[in-house]
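Results of the structural survey
Below are the chains, spelled out letter by letter.
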Amino acid sequence: MSEYLHWLEHSTWATAIRQSLWMYPALEIIHILGIVLLVGAAILFDLRLLGFSKNLPLSAMSRFLLPWSQRGLILVIPSGLLLFITNAETLGLDPVFRLKMVLLIAAALNALIFHKFVFKRQFDLENPSGHSLHFKIPALVSMAVWIAVIICGRLLAY
């Protein structure tokens, strides 16, 4: 594993990013914008699942917010990978980084299970009172995990 991390950190791309005056900051900005889109949309949807803004139709919110989360992913994944390779040896062994990766997997699984098995069922989406735990538990998990991911990301800088 450490040989692979060493190879990544000393790759042409990683070296170019580290040596560039603007590439690393630009990647950080893109990563943060992606986080805003991804997590912002997810938390807004989670708040609706928790019962806030009941006047907004759940199905319409899903159709509006999910594409924004997907756009955020398109920014977060490549920028995160490029940021990682610039310091792969240190980050790859950092327990906070590993926790962040586990939390990202948990967030992805939570979203996948919710959207594949809970949200797609024949529930009355505009009146979720009969299945509120089916909506509230994944929403609370989502919010907690995304906040923890952001905290881990910030802690990596220190």
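Structure shown above.
Because the structure is predicted, anything quoted here is derived from the model rather than measured. Within each chain, residue numbers correspond to sequence positions counted from 1 in written order. Given that the model is predicted, a residue must reach a pLDDT of at least 70 before its local features are reported, and side-chain atom pairs must reach 80 or more before they are shown or counted; all residues, however, enter totals for whole chains, interfaces and linings. Hydrogens and water are ignored here; the side-chain numbers use all heavy atoms of the structure.

**A closer look at the nonpolar core**
Put simply, the rule is: For our purposes a nonpolar core is just a set of buried Ala, Val, Leu, Ile, Met, Phe, Trp, Tyr and Cys residues, chained together by side-chain atoms within 4.5 Å. Working definition: with a 1.4 Å probe on protein chains only, accessible area under 20% of the residue-type maximum means buried, over 50% means exposed, and in between means partly exposed.
Grouped together as the largest cluster of nonpolar side chains are 13 residues, with contacts concentrated most on Phe45, Leu49, Leu58, Leu65, Phe114, Phe119 and Phe135. Core analysis: the next-biggest nonpolar cluster, separate from the first, contains eleven residues, Leu5, Ala14, Ile17 and Ala88 among them.

**Remarks on the environment of Ser11**
Quick reminder of the rule: Only DSSP runs of H or I reaching four residues or more are called helices, and only runs of E reaching two or more are called strands; each is numbered from the N terminus. In the analysis that follows, any N or O atom pair within 3.5 Å is treated as a polar contact, provided that within protein one partner can donate a hydrogen and the other can accept it, and provided that, for residues neighboring in sequence, both atoms belong to side chains.
Note on placement: Ser11 falls in the loop between α1 (2-9) and α2 (12-19). On a C-alpha basis, the gap between Ser11 and Phe52 in space is 48 Å, while along the polypeptide they are 41 residues apart. Separated by 3.3 Å, the side chain of Ser11 and the backbone nitrogen of Ala14 make a polar contact.

**Focus on the packing of aromatic side chains**
The condition is simple: Side-chain rings of Phe, Tyr and Trp (the six-membered ring for Trp) are treated as a pair once their centres are within 6.5 Å; stacked means planes under 30 degrees apart, edge-to-face means over 60, and tilted covers the remaining angles. Note on geometry: a ring has a charge over it if NZ (lysine) or CZ (arginine) is within 6 Å of the ring centre and within 35 degrees of the ring normal.
Scanning all chains against the criterion turns up four aromatic pairs. Judged by centre distance (6.0 Å) and plane angle (25 degrees), the rings of Tyr4 and Trp7 are stacked. On the criterion of helical spacing, the pair formed by Tyr4 and Trp7 is a turn pair, its members being three residues apart in helix α1. The interplanar angle of 15 degrees and the centroid separation of 5.0 Å between the aromatic rings of Phe84 and Phe97 together place this pair among those described as stacked. Placement of Phe84 in helix α4 (residues 58-85) and of Phe97 in helix α6 (residues 95-118) is noted, with a sequence separation of 13 residues between them. Aromatic ring contacts, followed pair by pair, group Phe45, Phe114 and Phe135 into a single cluster. Just above the ring of Trp68 sits the side chain of Arg71; from NZ or CZ to the centre is 4.4 Å.

**Notes on unusual backbone geometry**
Note on backbone geometry: most residues besides glycine have negative phi, and most peptide bonds are trans. Even without a glycine there, the phi angle at Ser53 is positive, about 50 degrees. The residue Ser53 is located in the loop between α3 (23-49) and α4 in this model.

**What to know about the side chain of Thr86**
Tracing the sequence through the fold places Thr86 in the loop between α4 and α5 (88-93). Given the relative accessible area of 6%, Thr86 is considered buried.

**Looking at helix α7 (residues 132-155)**
Put simply, the rule is: By this rule the span expected of a helix is its residue count minus one, scaled by 1.5 Å. A contact between two residues is defined here by any heavy atoms of the two lying within 4.5 Å.
A rise of 1.5 Å per residue sets the reference length of α7, with its 24 residues, at 34 Å; its end C-alpha atoms lie 34 Å apart and thus fit the reference within 8%. Those residues of α7 that are buried lie in contact with α3, α4 and α6.

**Regarding the environment of Leu27**
Topologically, Leu27 is positioned in helix α3. Separated by 86 residues in sequence, Leu27 and Ile113 have C-alpha atoms that sit 31 Å apart. In contact with Leu27, not counting residues within four places along its chain, are Ile17, Ser79, Leu82 and Leu83.

Without other data, these values stay purely geometric and don't point to any function.
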